[in-house]
Amino acid sequence: MSVRLAGRTVPGTRTGGLLLGIDFGGTKMAVGVADADGRLLAQQRVPTYAERGAPQALERALDLAARLVAGVGGPVAAAGVASPGVVRPDGIDLAPNVPGWERLRLADAVRDGLGVARVAVDNDLNAAALAELRLGALRDADPGLVVGLGTGVAAAVTVGGAVLPGHRGAAGEIGYAVSGGPWPGTMLELDFSGRALDRLADELGVPGAAAGLAAAAEQPGAARDALTARVDELARHLVTCCLLLDPQRVVLVGGVAGSELIRGLLVDRLAEVLPHRPDVVLSRFADDAALLGAVTLAREAVPAPR
């Protein structure tokens, strides 16, 4: 558990107020408090304890947010929340990793629990893509594709300086893509994701879960063969995404994307078959892309001064 806290002087908050960002993940949750310009002043990351259900995760995140805001001092102008799944006003779809998450009303919970009037909520990878658009690797690239390789797998599309939500807010949910055969096969997320690689490591008797599997796969053998087959399946879907979108740049985010071996295999496979090859880069935000996106959601929820 890490904490970073700046001094109590908060630039820009006398007129603009603080910005609060909350990033809910299947494994970890992050909370950050920023000044009116989006500069993080304090942040902390804690386990989600997904197996204990959604209510305790939400309650602990709100308690942590209240403590960080009190530690920095000052009113909160707006909050941004990044969540797995497709967020609706009365619930959340496609977020199976934390039991009960589908019943949460996150905007209402933050308003009621913290007394914040302006609350913006979006999918966690869409939030990460917003951070890349405003602060990171997509500032000079259009279109862009952000691929999240973490507990699950998903994508986000950016066009014309905006994140494309889709008709129901479900654009980029490639974890549900059909994988393998015979029809309808299985879901991509069951073949390639942090949890899928954890299971694969366990099946192969490799310690250290997904990270241990990636380390073992550095050398020829069963671990490398098995991991390569899973990367191949992911690469097929990313090739289709690139052919459809023709992105200028692809940004990889999430813990699994931190594996140099996995990134290298993906880049090689895209380069081998795509007629027009995008840049493929690792996000420079490491684990903070969705949190910075949540802060950016909060900042953009505050009306511009007249």
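This report concerns the structure included in the present document. Along every chain, residues carry numbers that run from 1 in the direction the sequence is written. This being a predicted model, a pLDDT of at least 70 is required before a residue's local features are given, and a value of 80 or more before pairs of side-chain atoms are given or counted; all residues contribute to the totals for chains, interfaces and linings. Side-chain figures throughout are based on the complete set of non-hydrogen atoms in the structure, without hydrogens or water.

Topic: the nonpolar core
Looking at soluble globular proteins, one finds that nonpolar side chains tend to be buried together.
Item 1. Buried Ala, Val, Leu, Ile, Met, Phe, Trp, Tyr and Cys residues that are joined via side-chain atoms within 4.5 Å together make up what is termed a nonpolar core. Each residue's exposure class comes from its accessible area (1.4 Å probe, protein chains only) as a fraction of the maximum for that residue type: buried when under 20%, exposed when over 50%, partly exposed otherwise. Leu-145, Leu-149, Phe-192 and Leu-197 are the most contacted members of the largest nonpolar core, which totals 38 residues.
Item 2. Helix and strand assignments come from DSSP, with helices taken as H or I runs of at least 4 residues and strands as E runs of at least 2, each series counted from the N terminus. Of all elements in the fold, only β9 (144-149), β10 (153-159), α6 (194-204), α7 (209-216), α8 (222-245), β14 (249-253) and α9 (260-273) reach the threshold of two or more residues within this core.
Item 3. In terms of residue count, α8 provides more of this core than any other element does, 11 residues in total.
Item 4. Residues in contact with Leu-145, not counting those within four places in the same chain, are Ala-155, Ala-156, Val-157, Cys-241, Cys-242, Leu-245, Pro-247, Arg-249, Val-250 and Val-251.
Item 5. Ranked by size, the runner-up nonpolar core spans 34 residues in total, among them Val-69, Val-81, Val-110 and Val-119. Should any heavy atoms of two residues lie within 4.5 Å, those residues are considered in contact.

Topic: the pattern of salt bridges
Item 1. Salt bridge, as used here, is a side-chain nitrogen of Lys or Arg placed within 4 Å of a carboxyl oxygen of Asp or Glu. With the rule as written, the count across this model stands at 13 salt bridges.
Item 2. Asp-37 serves as the salt-bridge partner of Arg-39, at 3.5 Å between the closest nitrogen and oxygen.
Item 3. Its relative accessible area of 42% is what places Arg-39 among the partly exposed residues.
Item 4. Counted as one network, the salt bridges with shared partners bring together Asp-35, Asp-37 and Arg-39.

Some remarks on the packing of aromatic side chains
Item 1. Each pair of aromatic rings taken from Phe, Tyr and Trp, with Trp reduced to its six-membered ring, is defined by centres within 6.5 Å and is described as stacked if the planes are under 30 degrees apart, edge-to-face if over 60, and tilted in the remaining cases. Tallied over the full model, the rule gives one aromatic pair.
Item 2. Seen in terms of ring centroids, Phe-24 and Trp-101 are 5.0 Å apart; in terms of plane orientation they differ by 65°. Their pairing is edge-to-face. A residue pair is termed long-range when its members are at least 10 positions apart, and Phe-24 in strand β2 (residues 18-24) and Trp-101 in the loop between β7 (91-93) and α3 (106-114) qualify at 77 residues. The burial state of Phe-24 is the same as that of Trp-101; both residues are buried.
Item 3. Two conditions define a charge located above a ring, namely a distance within 6 Å from the ring centre to NZ of Lys or CZ of Arg, and an angle within 35 degrees of the ring normal. Sitting over the face of the ring of Tyr-49, Arg-52 holds its NZ or CZ atom 4.0 Å from the ring centroid.

So, the sheet that holds strand β11 (residues 162-163)
Item 1. Two strands pair under a simple rule: DSSP has to find at least two bridges between them. Strand order in the open sheet made by the five strands is β11-β10-β9-β14-β15, with mixed pairing throughout. One side of each edge strand has no neighbouring strand; the edge strands of this open sheet are β11 and β15 (279-282).
Item 2. Sheet analysis places β14 next to β15, joined by four bridges and oriented parallel. Within β15, the residue paired with Leu-252 across the bridge is Leu-282.

Describing the packing of helix α4 (residues 124-135) against helix α10 (residues 289-301)
Packed helices, taken two at a time, are described by their axes: the angle between them and the distance between them.
Item 1. Taken N-terminus to C-terminus, the directions of α4 and α10 make an angle of 75°; their axes are 7 Å apart at the nearest point. Of the possible angle classes, the one that applies to α4 and α10 is roughly perpendicular. Mapping the contact onto sequence places Asp-124, Ala-127, Ala-128, Leu-130, Ala-131, Glu-132, Arg-134 and Leu-135 in α4 and Ala-289, Ala-290, Leu-292, Gly-293, Ala-294, Thr-296, Leu-297 and Glu-300 in α10.
Item 2. All amino acids are sorted into three groups, where Ala, Val, Leu, Ile, Met, Phe, Trp, Tyr, Cys and Pro are nonpolar, Asp, Glu, Lys and Arg are charged, and the leftover types, Gly among them, are polar. Its residues assigned to classes, the contact of α4 with α10 shows 10 nonpolar, two polar and four charged. A fitted line through C-alpha atoms represents every axis, and for helices the fit uses only the stretch in contact; the resulting angles, taken between N-to-C directions, go from 0 to 180 degrees. In these notes the angle categories are as follows: under 35 degrees is roughly parallel, over 145 is roughly antiparallel, 65 to 115 is roughly perpendicular, and the rest is oblique.

Describing the environment of Ala-50
Item 1. Looking at the secondary structure, you find Ala-50 in the loop between β4 (40-47) and α2 (54-72).
Item 2. Residues in contact with Ala-50, not counting those within four places in the same chain, are Gly-26, Asn-97, Val-98, Pro-99 and Arg-195.

What about the environment of Ala-36?
Item 1. Mapped onto the secondary structure, Ala-36 falls in the loop between β3 (28-34) and β4.
Item 2. You can call Ala-36 partly exposed: its relative accessible area is 22%.
Item 3. Distance in space between the C-alpha atoms of Ala-36 and Val-302 is 9.3 Å, their sequence separation being 266 residues.

Some thoughts on unusual backbone geometry
Item 1. In the segment running from Asp-142 into Pro-143, the intervening peptide bond is cis, with an omega of -5°.
Item 2. Within the secondary structure, Pro-143 is located in the loop between α4 and β9.
Item 3. The residue after Gly-181, namely Pro-182, is reached through a cis peptide bond having omega -5°.
Item 4. As for its position among the elements, Pro-182 is in the loop between β12 (178-179) and β13 (186-187).
Item 5. Phi is positive for Tyr-49, close to 55°, though the residue is something other than glycine.

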